[in-house]
Amino acid sequence: MEDGAQQLGHCMVDMKELNADPEGLSAAGAVHKSKRPQVEFSLACNDLVASGGDRKPNALVQVAVIDPHKQHLISHTCTEIVEANGDPLFLTGVTFPSEYHASPETLVKLTVYDAKDKNQESSSLVGSATFSVGELLRAKDERLTLSLRYSDGACAAGTVVVSRLKMGEMEEVDVDHITTDVPSHKCPLVCESASHAGIDRENNPPTGPVFKNPICKVYRFQTEDSKWMLVREQMEECTLSFSVPKQLLSLYIQEDMSRVQDLRELGELSPHWDNLRKEVMTRYGGIISSYQETFAELDKITGRSFKPSCCKAQKSLQFIPINLHTQRMRVTCPKKTDAFYDIVTVGAPAAHFQGFKCGGLQRLLSRYEAEKKSFSTAYQCIYYSPQHTAKAQEVLSTMSLLQPLITSLAEQLLQAAQEHSCPGLRDALKNLSDKTEQFVHTLKDELVKSALLALHAARPGYVSKSQKQNPAQGGQHQGRVLQGAEQSPSPAQGLPGHSPATSTTDGTAMCNNVDGSQNPHPLMRGEGAPLKHQDSIPHHKEYDEEEWDRVWANVAKCLNCVIAMVDKLLEEDNSKQEPVPEQQQQQQQLADVIISHNPGTWKEQLCPLVTRLKECVMEVVEKARRGMTFVLLQEAACSIPQGFLLQQRRDVVFSQALAALACGFVMRLYAGMQDQGFLRQLHLVGLVAQFESLLSTYSEEIGMLEDMEVGISDLQRVLFQITEAQTDDFRDLQPLVCGRRDHFTVEVPLPRLVFQSLPAEIREGKPLRVFPVMFNVGINEQQTIAERFGDITLQERINQRNFETLEAYYKSLSEKLPLECLPSFQTQADLKELLETLGQNVVTKKRKNVEILWIAATICRRLNGIRFTSCKSAKDRTSMSVTLEQCALLRDEHQLSKDFFIRALDCMRSRLTQGDVGQWDDPEAGGPTDNKPASRHFYPIALLLVSSHLLVVWLILSLVFLLAKYQ
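For clarity, every value in this text was computed on a predicted model and none was experimentally measured.

Visitor: Can you explain the pairing of strand β6 (residues 123-132)? Please cite residues and give values.
Guide: Counting buried positions along β6 gives nine out of ten residues, so the element sits mostly inside the fold. Here strand β5 (residues 107-115) runs beside β6; their pairing, made up of nine bridges, is antiparallel. By the bridge assignment, threonine 111 is partnered in β6 with serine 128.

What follows is the structure, given as structure tokens:
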């Protein structure tokens, strides 16, 4: 794709910005139609004569708009070149979308040129004609035939025919210039499109309130039955390109500031640990400062909705995805349901500012984990695996969510008691019980217990007490805490559950500024995995290891008291005396004991118990937070400085990936709002998001691919949630991101009427999952070098791993949802067969096996998924892939004539159509001139000089080119 709509759109008339007054949403989720009609028309010419007279012209039409107020030309668009045809029928039409301020008085100027050669290096004026939009709308059959004239007003040979097109109201039109021998048959019925359910042709499904600056192109292509289809491309920018990274930056800053505050609240530590804490806090401070600076720079940017590729290495824009755009292809066949095909194009999520000299994230993380154990020894820390670190982050995250929730539910319970509401009391108790049990289950983990023990050992008094208890060690190093097992048995041996046989191991204890060897008891962490040598934590016999068990067990006891009291209150309120089961009798006896000491109203009786529950929960939270913070302190200390740099790189890559995913999710959601099968799939299973990557496995693109692999994989931590917007205002319909690095939730607000039409599960806030998969096949010349002389194992591993993910998703989908809910296509290939074919291609050793991409894309559409296409900058390779995919869909799903396939592809890929109209001189600004851009066949000289053989080939080809040109 081009570098966004600003480059694509310089040939377009100024488009209305949508951020000031966006289109509203109707109750059905559709965009309110503008009162201004959407003006689209096709062009054809008759009786054109070439300037030389000895050949037929290569015609094209430049379209410009005359502003009735400013009285000057504005270049709008240009058709494709139809070669050697005096009566050309142009497939590329002209569109004035409803967002453009086109009035009946708007004048349109059509200028016909004869391109003397296909390379467009010279052209001559054939003639021009002018008409107003009102004339076209008032004309019979909305069709004008205009005579071409020269700039001096003299008549020129030929006419131009302007015919209005109505997308969604396409009728059978007469084929004047093209005939085929294909038997006539009806256009195919498209039940559902690639990424959308079939939608009424009068309602263009909205792309959502987060998209702006649409760039539209319209084409007409012939089908195999000699009828016409209308194809409309619409590319848009996305406000999420900037809003999501800015929200993530704010969350990163908050999380790191919270981490610094937690480190401060750890309390007094020994000199060794205190120094490490200060160093870690300094590193966090540097990251916070850098992120705040970046956020301030992004906050200054207004108006822009995408980052062009020329800015990909700019520091202030490193969190912004490159060239993030959406593209929708709408297909209309005569008297048939419209079909819509969506795709998101974006540059590969990668840390371009940091560079790829040492590789990308995947390689750097593997190397870092291998070296972290040696770092832990050097910094005298306990080595925690990535699983333990992730568990610590999960505990902190869960506590931060559940603790305020439990407090809120406890208040609801008291409120229900005050209102003397039995149903409210039952509901509040059930919710409180569920969340408290979840809270207790989260903290019932050996990692928390061992972390608290390690924190106790890091206190300043720990060493001094050990020295007093071991006077023989007085002359030794301060860090020598315990002697070997042969001199002093481990104090853990006396504790329940510890046996002498397992109390001693060889290794070094790295905590509380210790550097000597000892034989402490190997604690169990996580899922029962023992800590090894540097993982060992010295026990202090004065530390009560059972204290933590008692603390979190008190929460469960307090909850039981609350439950017993509520049951007693409800029983007393029940007028019917029924036999009481034995189990309930025990709870009633407990409640009777409590009530005997605390008579009064329901609230008065419940208040002390609820208060005690909240106090116990807070006590547990404080202890667990300190323990988990100490785990993360040790992990961060072992990470200095490499770990912090990797975290920054990972933040950058994830920010770009999440912005693209949120963009695709919102577009897919709005398009499928009326598809009950899609909505059912959304909350039962989730959606697959398929990223098609065209990066090579050569040079710096290897680093980009390694970054992208980790970034796409990290999207598994993201959940989506649909919420009801407070108002229908544009600002209230913007998605919101919340959470921490280990887990993010994207909230997508919808207008009230739209929200009410959703299934109950979605309305109740059920988290919606997305399954990201990525397939990569390099297609450029660098990939040729990599396949012949390099290594492509990275690409093979990525494709194999993501195929397994896609296969698992299909298995889960087929178990929970009938496949009849999925879209139906003209090409009724079985999904299971497609997966088998994809699996075979993934393991097949074949150069540039693009079948992998084709099959994966087909499976994604069949699964109602979200399609993404990426290369380095989302320009050349991406545009080639998207246009080829679109033409293939027209051929397979809409019976595009085989004779028109190449022409359709050329129309969509024509750079002239996308805006190179500036090279065609306006005859009123002077006479027609021959524009001769520098010949492009000279540019590869520097590359060819590397080989004498290639240089000879280049010289021969250049000589042939020059001879052919000037013959």
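Visitor: Describe the sheet that holds strand β12 (residues 339-345), with residues and values.
Guide: Overall, mixed pairing links the ten strands, which are arranged β9-β10-β11-β12-β20-β15-β19-β16-β18-β17 in an open sheet. Edge positions in the open sheet fall to β9 (211-222) and β17 (736-740), since each of these has one partner strand only. Between one strand axis and the next, the sheet turns through 25° on average, direction left out of account. Alignment of β17 against strand β18 (residues 743-750), held across five bridges, turns out to be antiparallel. By the bridge assignment for β18, glycine 739 is matched with phenylalanine 744.

Visitor: Outline the side chain of asparagine 841, listing residues and values.
Guide: Take asparagine 841: it is sitting in helix α20 (residues 831-843). Given the relative accessible area of 14%, asparagine 841 is considered buried. Here the side chain of asparagine 841 touches threonine 837 through a polar contact of 2.8 Å, landing on its backbone oxygen. The contacts of asparagine 841, once residues within four sequence positions are left out, are Asn849, Glu851, Ile852 and Ile855.

Visitor: Got a sec to walk through a nonpolar patch on the surface? Specific residues and values, please.
Guide: A grouping of Tyr698, Ile785 and Phe789 is seen on the molecular surface, where their side chains present a nonpolar patch of about 330 Å² in accessible area. Within the secondary structure, isoleucine 785 is located in helix α18 (residues 781-789).

Visitor: Break down empty space enclosed by the protein for me, with residues and values.
Guide: Over the atoms rolls a probe the size of a water molecule, and in doing so it shows where empty space is left. Summed over the entire model, instances satisfying the criterion amount to five cavities of 30 Å³ or more. By volume, the largest cavity amounts to about 90 Å³. If you trace the largest cavity, you find twelve residues lining it, with Tyr341, Asp342, Ile343, Glu885 and Leu889 closest to the centre. For the lining of the largest cavity, the elements supplying multiple residues, two or more each, are β11 (325-332), β12 and α22 (876-894). A per-element tally of the lining of the largest cavity places α22 first, with four residues. If you go around the second largest cavity, you meet ten residues; those closest to its centre are Asp342, Ile343, Gly664, Ile866 and Arg867.

Visitor: Before we move on, can you summarise a negative patch on the surface with the specific residues and values?
Guide: Together, Glu804, Glu807, Asp830, Glu833 and Glu836 make up a region of like negative charge exposed at the surface. Of all the secondary-structure elements, those providing two or more residues to the negative patch are α19 (793-816) and α20. With respect to the helices, strands and loops of the structure, glutamate 807 is situated in helix α19.

Visitor: Lay out the packing of aromatic side chains with the relevant residues and their values.
Guide: Inspection of every chain in the model, using the stated rule, returns twelve aromatic pairs. Taken together, a centroid distance of 5.6 Å and an interplanar angle of 10° make the contact between tyrosine 219 and phenylalanine 221 stacked. The pair tyrosine 219 / phenylalanine 221 is uniform in exposure class, with both members buried. Above the ring of phenylalanine 678, the side-chain terminus of arginine 668 is found at 4.1 Å from the ring centroid.

Visitor: Can you tell me about the pattern of salt bridges, naming the residues and giving the values?
Guide: Within this structure, the stated rule accounts for 32 salt bridges. Linking aspartate 274 and arginine 277 is a salt bridge whose minimum nitrogen-to-oxygen distance equals 2.8 Å. One end of the pair is aspartate 274 and the other is arginine 277, both in helix α4 (residues 271-300) and three residues apart, which spans about a single turn. The buried category is assigned to aspartate 274, whose relative accessible area is 18%.

Visitor: Describe the pairing of strand β1 (residues 39-46), naming the residues involved and giving the relevant values.
Guide: Taking burial as the measure, the eight residues of β1 include seven buried ones, the bulk of the element. Looking at chain direction, β1 and strand β8 (residues 155-165) are connected through seven bridges and run antiparallel. Among the inter-strand pairings, alanine 44 is bridged to a residue of β8, identified as valine 161.

Visitor: Just give me the short version of the side chain of serine 655, but keep the residues and values in it.
Guide: Within the secondary structure, serine 655 is located in helix α13 (residues 642-671). On the basis of relative accessible area, serine 655 is assigned to the buried category, the value being 0%. Non-local contacts of serine 655, meaning those with residues more than four positions away in its chain, are made with Pro245, Leu248 and Phe319.

Visitor: Talk me through the packing of helix α10 (residues 547-573) against helix α12 (residues 602-639); I want residue IDs and the actual numbers.
Guide: When two helices pack together, their arrangement is given by the angle between the helix axes and by the axis-to-axis distance. The N-to-C vectors of α10 and α12 enclose an angle of 160°; their axes lie 9 Å apart at closest approach. It follows from the interaxial angle that α10 and α12 lie roughly antiparallel. The way α10 lies across α12 gives a crossing that is left-handed. Residues belonging to the contact of α10 with α12 are distributed by class as follows: 21 nonpolar, two polar and five charged.

Visitor: Tell me what's going on with the environment of threonine 223, and back it up with residues and numbers.
Guide: Note on placement: threonine 223 falls in the loop between β9 and β10 (228-238). Relative accessible area serves as the criterion here: at 1%, threonine 223 is assigned to the buried category. Taking the C-alpha atoms as reference points, threonine 223 and serine 897, separated by 674 residues in sequence, lie 4.7 Å from one another.

Visitor: Summarise the nonpolar core; cite the residues concerned and give the values.
Guide: Leu413, Phe439, Leu606, Phe665 and Ile722 are the most contacted members of the largest nonpolar core, which totals 148 residues. Once you skip the residues sitting within four places of it in the chain, phenylalanine 439 turns out to touch Met399, Leu402, Ile406, Val555, Val617, Val620 and Val621. In terms of nonpolar packing, the next biggest core, distinct from the first, is built from 29 residues, Leu43, Val65, Leu148 and Val160 among them.

Visitor: Which residues make up the environment of glutamine 247, and what values go with them?
Guide: Along the chain, glutamine 247 falls in helix α3 (residues 240-264). Glutamine 247 sits 490 residues away from valine 737 along the chain, and the two C-alpha atoms are 6.3 Å apart. When near neighbours in sequence (up to four residues on either side) are disregarded, glutamine 247 contacts Pro735, Leu736 and Val737.

The rules behind these values
Residues numbered from 1 in each chain as written. Predicted model: local features only at pLDDT ≥ 70, side-chain atom pairs only at ≥ 80, totals over all residues. Heavy atoms only, no water. Buried < 20%, exposed > 50% of the residue type's maximum accessible area, 1.4 Å probe, protein only. Helix = DSSP H or I, 4+ residues; strand = E, 2+ residues; numbered from the N terminus. Pairing = 2+ DSSP bridges. Axes fitted to C-alpha atoms, helices over the stretch in contact; angles between N-to-C directions. Polar contact = N/O pair within 3.5 Å; in protein donor to acceptor, adjacent residues only side chain to side chain. Contact = heavy atoms within 4.5 Å. Patch = residues over 30% accessible without salt bridge, like charges linked within 9 Å, V, L, I, M, F, W, Y side chains within 5 Å. Areas by Shrake-Rupley, 256 points an atom, 1.4 Å probe, with all protein chains shown as cover. Salt bridge = Lys/Arg side-chain N within 4 Å of Asp/Glu carboxyl O. 1 Å grid on protein atoms, 1.4 Å probe; cavity = no way out; pocket = protein on both sides within 12 Å on 5 of 7 lines; lining within 4 Å. Points joined across faces, edges and corners; volume = space filled by probe spheres on them. Lys, Arg positive; Asp, Glu negative; His and termini not counted. Charge placed at Lys NZ, Arg CZ, Asp CG, Glu CD. Phe/Tyr/Trp six-rings, centres within 6.5 Å; stacked < 30°, edge-to-face > 60°. Lys NZ or Arg CZ within 6 Å of the ring centre and 35° of its normal. Parallel < 35°, antiparallel > 145°, perpendicular 65-115°, else oblique. Left-handed = near helix turned anticlockwise from the far one by under 90°. Nonpolar A, V, L, I, M, F, W, Y, C, P; charged D, E, K, R; others polar. Core = buried A, V, L, I, M, F, W, Y, C linked by side-chain atoms within 4.5 Å.

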